Amino acid sequence: KILDAGCGTGDKSVFFALNGGLVTSIDLTENQLKKAKELAIKNKVYNKIKFKQKDIVNDSLKNLGKFDIIISTGVLHHTENAYKGFVNLSKLLKPNGVIIIALYHKYARWRYRFIRFMLHNLISKDTETLRVWLDKSWFAGPLRNAPTNSIFDRYLVPFESYFTLKDVKKWFYSNNIQFIN
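Structural notes, computed from the coordinates.

For strand β2 (residues 23–27) and strand β3 (residues 49–53), the ladder comprises five bridges, and the chain directions are parallel. Opposite Thr24, over in β3, you have Lys50 as the bridge partner. Taken together, β2, helix α2 (residues 30–42) and β3 form a β-α-β motif whose crossover is right-handed.

Right, dumping it as structure tokens:
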């Protein structure tokens, strides 16, 4: 049993389902879930994946069950409380289960962080205004071939936080989960 927490467009969920996993896919946004469902249908695994709209930080996740594997990559650092999201997910882990997370490192993404800071402080803090501005601006020239979700992820997300390996190890140890790598 696998939980894809923050499944986005469903790439990982479909991969796991194609390889025998019983997958539950959750995401905050209805539009992402719609795309994930379309991908599952296209790959003929729709019946092997349960899709649910959930907020990792604020929703009760108890009714999802327990999982052998929980994967949440590129998600927690975009929530308003990444640690709380991790705690909520870790409660769904079966004994001897594995939780896989990927977070932005505290000292990474300086270029994007600087541009993000400038955009949000000089242009607008409103995501839709920034999206329109980026689409029309000379600045977006080099980004025109980048996937829309990549531009959103770099510059427009409402939350972005950063962590050290030491921070993340504390998360694991304080939730009685063995940190492997």
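Our focus in this paragraph is the side chain of Ser90. Counting through the fold element by element, Ser90 comes out in helix α3 (residues 82–90). A polar contact is formed between the side chain of Ser90 and the backbone oxygen of Val87, at a distance of 2.8 Å. Setting aside chain neighbours within four positions, we find Ser90 in contact with Ile99, Asn175 and Ile177.

The next point concerns unusual backbone geometry. Its identity as a non-glycine residue notwithstanding, Lys44 has a phi of 60°, on the positive side. Among the structural elements, Lys44 can be located in the loop between α2 and β3. The exposure class assigned to Lys44 is exposed, which follows from its relative accessible area of 71%. Located in the positive-phi region is Arg109, a residue other than glycine, with phi close to 60°. With respect to the helices and strands, Arg109 occurs in the loop between β5 (93–102) and α4 (110–123). Given a relative accessible area of 17%, Arg109 falls into the buried group.

What follows is about the sheet that holds strand β4 (residues 67–73). A sheet is described by the order of its strands in space; here five strands give the open sequence β3-β2-β1-β4-β5, paired in parallel fashion. Sheet topology places β3 and β5 at the edges, where each strand pairs with a single neighbour. Averaged over all pairs of adjacent strands, the angle between their axes in this sheet comes to 15°, without regard to strand direction. Here four bridges tie strand β1 (residues 2–5) to β2, and the two strands are oriented parallel to one another. By the bridge assignment for β2, Ile2 is matched with Val23. Against the sheet, helix α1 (residues 11–18) touches β1, β2, β3 and β4, its axis set at about 175° to β2.

It is worth spelling out the pairing of β2 at this point. Counting buried positions along β2 yields five of five residues, so the element is predominantly enclosed. The alternating pattern of β2 places Val23, Ser25 and Asp27 and Thr24 and Ile26 on opposite faces, both of which are buried.

Turning our attention to α4. With 14 residues, α4 extends 19 Å between its outermost C-alpha atoms, agreeing within 8% with the 20 Å of an ideal straight helix rising 1.5 Å per residue. Inspection of α4 places Tyr112, Arg113, Ile115, Arg116, Leu119 and His120 among the buried residues, and these make up the whole buried set. Around the axis of α4, the buried residues are gathered within 165° of arc, so they sit on the same side. The exposed residues of α4 that point more than 90 degrees off its buried face are Trp110, Arg111, Phe114, Phe117 and Leu122.

This part is about the environment of Arg113. Summarising the element assignment, Arg113 is placed in helix α4. On the basis of relative accessibility, which here comes to 19%, the residue Arg113 falls in the buried class. Between the C-alpha atom of Arg113 and that of Tyr155, which follows or precedes it by 42 residues, the distance is 7.9 Å. In this view, Arg113 contacts His105, Lys106, Tyr107, Ala108, Glu160 and Tyr162; residues no more than four positions away in its chain are not counted. Here Lys106 takes part through its backbone oxygen, which lies 2.7 Å from a polar atom of the side chain of Arg113. One polar contact links the side chain of Arg113 to the main-chain carbonyl oxygen of Ala108, over a distance of 3.2 Å.

About the thresholds
- Residues numbered from 1 in each chain as written.
- Predicted model: local features only at pLDDT ≥ 70, side-chain atom pairs only at ≥ 80, totals over all residues.
- Heavy atoms only, no water.
- Pairing = 2+ DSSP bridges.
- Helix = DSSP H or I, 4+ residues; strand = E, 2+ residues; numbered from the N terminus.
- Right-handed = clockwise from strand over helix to strand, strands pointing away.
- Polar contact = N/O pair within 3.5 Å; in protein donor to acceptor, adjacent residues only side chain to side chain.
- Contact = heavy atoms within 4.5 Å.
- Buried < 20%, exposed > 50% of the residue type's maximum accessible area, 1.4 Å probe, protein only.
- Axes fitted to C-alpha atoms, helices over the stretch in contact; angles between N-to-C directions.
- Expected span 1.5 Å × (residues − 1).
- Arc of directions from axis to C-beta.

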